[in-house]
Amino acid sequence: VEIDLLCACVQVSTVSDNIDILDDNILRNVDDATQRSINGVRVTDAILKLVPNVETFRTTLRAIKYWAKRRGVYSNVLGYLGGVAWAILCARICQLYPNAAPSTLVSKFFLVYDQWKWPNPIMLCPISQGNPNLGFRLWNPSMNMADRKHLMPVITPAYPSMNSTHNVSNTTLRVMREEISRGKKIVDRIYEASMNEKSEDREYSGMKAWLKLFDALDFFGEHKRYLQIDIFAKEDAKFKAWSGLTESKLRHLINKLETTPHVLVRPLPKSYSNNPNYPPGCCTTYFFGLVFDIPEGADKQINLTTSVTEWITSVHSWPERQPDMQVAVNYLTRKMLPEFAGYKPPVKTKEEKKKKRKRTAGGAGADADADVDADADADVDGAVEKQAGTEDHGDESEAGGSSKKVKNLSAVTAEASK
């Protein structure tokens, strides 16, 4: 069980059992760090006061958070949504449908947010201006240029109101919209099956249908190419500080990769701590899925090196970094995935093997798509091997073990692989 233990020092002589945490005066003469700490509790209490039925809200929120974790869209650090943002989204649905049961609210969650026109903000109540003497900055896109750039604003209900999703990028917004769209299609099928007693669509009836909504993301099965990011240090104490800093910068790598033409990225929130290439407790590994969406007639060369090298240089510029604190980025295809990633190729049935033999016997034209895909994979691997031996990315001693890894990203070529 994960627990956030927050500490805040407030300007009161005693703290009574019935203290009103939502009283704005409790923020008097506190610094920004204390305000952020105490506002976590204030936001939670405000949400519970603004929903029509607390128990229904809690049940709905449990379902949505479980769905978000199973589908790989629960991570504030990587630019997805964290617990507060998902709670506010659920609370807004509860406000819109105050008498609905949790199952209905889950369905409405996907219906409403599949159609929502971002960046229109989600708010549970009007933004409170609070006491102007307190001097805290409010979310205000009409006055603040930075707030105007937010892609998916979900505004906290307690003063000072802030955007709980400021880390969201174009990439993570695209992924979340795809997952919400998938959820809507499933709940629509469930609704149609429930309304039609004679429906033969048994896959979308009863408990089995709801379980399909919560199917775990097959990340490695849905992608053919990846970036592997290893964050490591030689000592456990150093690693904790280094990994925290580097993980907070991963969203900047996502932003840089967004600028590479014809490349779609899907960050996987799950981290792996069992990389056998490093001592136990001294390495964390992340994987980003890559899709090369190259239109016909476009340049087949995709260079990821510039974005990755700039990001590594930025991370290595941390003033407290020591030489044994390193980050390595490596380009992989599915067949190159390490064992600790846990990917197991699906076992083909006898019918699938039989169909494949028939396609092979039918000639090259019968299996054209598979041939093109195989050729594309071969071209990528060939480009990686070739460029790894010819590219130079600066001082080896400065970049440490990561420089050789970065070379593997240069001029990746794809023959219109989808």
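Let me begin by describing the structure that accompanies this report. (Residues numbered from 1 in each chain as written. Predicted model: local features only at pLDDT ≥ 70, side-chain atom pairs only at ≥ 80, totals over all residues. Heavy atoms only, no water.)

## Concerning empty space enclosed by the protein
The gaps of empty space that remain are located by a probe, the size of a water molecule, rolled over the atoms. Inspection of the entire model under this criterion finds one cavity of 30 Å³ or more. The space that makes up the largest cavity amounts to roughly 30 Å³. Lining of the largest cavity is provided by Met123, Leu124, Cys125, Pro126, Ile127, Ile155, Thr156, Pro157 and Ser161. Tallied by class, the residues present in the lining of the largest cavity amount to seven nonpolar, two polar and no charged. (1 Å grid on protein atoms, 1.4 Å probe; cavity = no way out; pocket = protein on both sides within 12 Å on 5 of 7 lines; lining within 4 Å. Points joined across faces, edges and corners; volume = space filled by probe spheres on them. Nonpolar A, V, L, I, M, F, W, Y, C, P; charged D, E, K, R; others polar.)

## Some details on helix α1 (residues 32-50)
With 19 residues, α1 ought to run about 27 Å at 1.5 Å a step, and its terminal C-alpha atoms sit 25 Å apart, in line with that. Bending of α1 peaks at approximately 30 degrees at the position of Asn39. Of the residues making up α1, those classed as buried are Thr34, Gln35, Ser37, Ile38, Asn39, Arg42, Val43, Ala46 and Ile47. Against the buried residues of α1 lie α2 (54-70) and α3 (83-96). (Helix = DSSP H or I, 4+ residues; strand = E, 2+ residues; numbered from the N terminus. Expected span 1.5 Å × (residues − 1). Bend = angle between axes of the 7 residues up to and from the residue. Buried < 20%, exposed > 50% of the residue type's maximum accessible area, 1.4 Å probe, protein only. Contact = heavy atoms within 4.5 Å.)

## Some words on the packing of α1 against α3
Helices that pack against each other are described as a pair by the angle of their axes relative to one another and the distance between those axes. Contact geometry for α1 and α3: axes closest at 10 Å, N-to-C directions at 15 degrees. Regarding the angle of α1 to α3, the classification is roughly parallel. You can see that α1 and α3 cross each other, and the crossing is left-handed. Residues Val43, Ile47 and Leu50 of α1 form the contact with α3, whose participating residues are Val84, Ala87, Ile88, Ala91 and Gln95. (Axes fitted to C-alpha atoms, helices over the stretch in contact; angles between N-to-C directions. Parallel < 35°, antiparallel > 145°, perpendicular 65-115°, else oblique. Left-handed = near helix turned anticlockwise from the far one by under 90°.)

## A short note on the nonpolar core
The biggest cluster of nonpolar side chains holds 75 residues, and the ones touching the most others in it are Trp67, Trp86, Phe109, Leu227 and Ile229. Top contributing element to this core by residue count: α3, with nine residues. Counting residues in hydrophobic clusters, the runner-up holds 11 residues, among them Leu217, Phe220, Leu268 and Tyr272. (Core = buried A, V, L, I, M, F, W, Y, C linked by side-chain atoms within 4.5 Å.)

## So, the packing of aromatic side chains
Enumeration over the complete set of coordinates arrives at 21 aromatic pairs. Measuring from ring centre to ring centre gives 6.2 Å for Trp86 and Phe109, while their planes differ by 40 degrees; the resulting arrangement is tilted. Highlighted residues: Trp86 in helix α3 and Phe109 in helix α4 (residues 102-115), separated in sequence by 23 residues. An identical accessibility class is assigned to Trp86 and Phe109; each is buried. With a centroid separation of 5.5 Å and an interplanar angle of 85 degrees, the aromatic rings of Tyr272 and Phe287 are classed as edge-to-face. (Phe/Tyr/Trp six-rings, centres within 6.5 Å; stacked < 30°, edge-to-face > 60°.)

## Regarding the state of the cysteines
Overall, the coordinates contain zero disulfides when judged by the stated rule. This cysteine, Cys7, is not joined by any disulfide, and Cys9 carries the nearest cysteine sulfur, 5.0 Å off. For Cys7, a relative accessible area of 63% translates into the label exposed. (Disulfide = S-S within 2.5 Å.)

## Details of the pattern of salt bridges
For the coordinates displayed, the defined rule picks out 10 salt bridges. In this structure, the salt-bridge partner of Asp188 is Lys184, at a minimum N-O distance of 2.7 Å. Remark: Lys184 and Asp188 occur in helix α6 (residues 170-195); sequence separation between them is four residues, near one turn of the helix. The closest approach of N and O atoms between Lys240 and Asp236, which form a salt bridge, is 3.9 Å. (Salt bridge = Lys/Arg side-chain N within 4 Å of Asp/Glu carboxyl O.)

## Things to note about the sheet that holds strand β5 (residues 326-333)
The strand order β2-β3-β1-β5 describes an open sheet built from four strands, whose pairing is antiparallel. Since the sheet does not close on itself, it has two edges, and those belong to β2 (263-267) and β5, each with one partner. Adjacent strand axes in the sheet meet at a mean angle of 25 degrees, parallel and antiparallel pairs treated alike. Pairing of strand β1 (residues 225-232) with strand β3 (residues 283-292), which is carried by eight bridges, proceeds in the antiparallel orientation. Looking at the pairing, Asp230 lines up with Thr285 of β3. (Pairing = 2+ DSSP bridges.)

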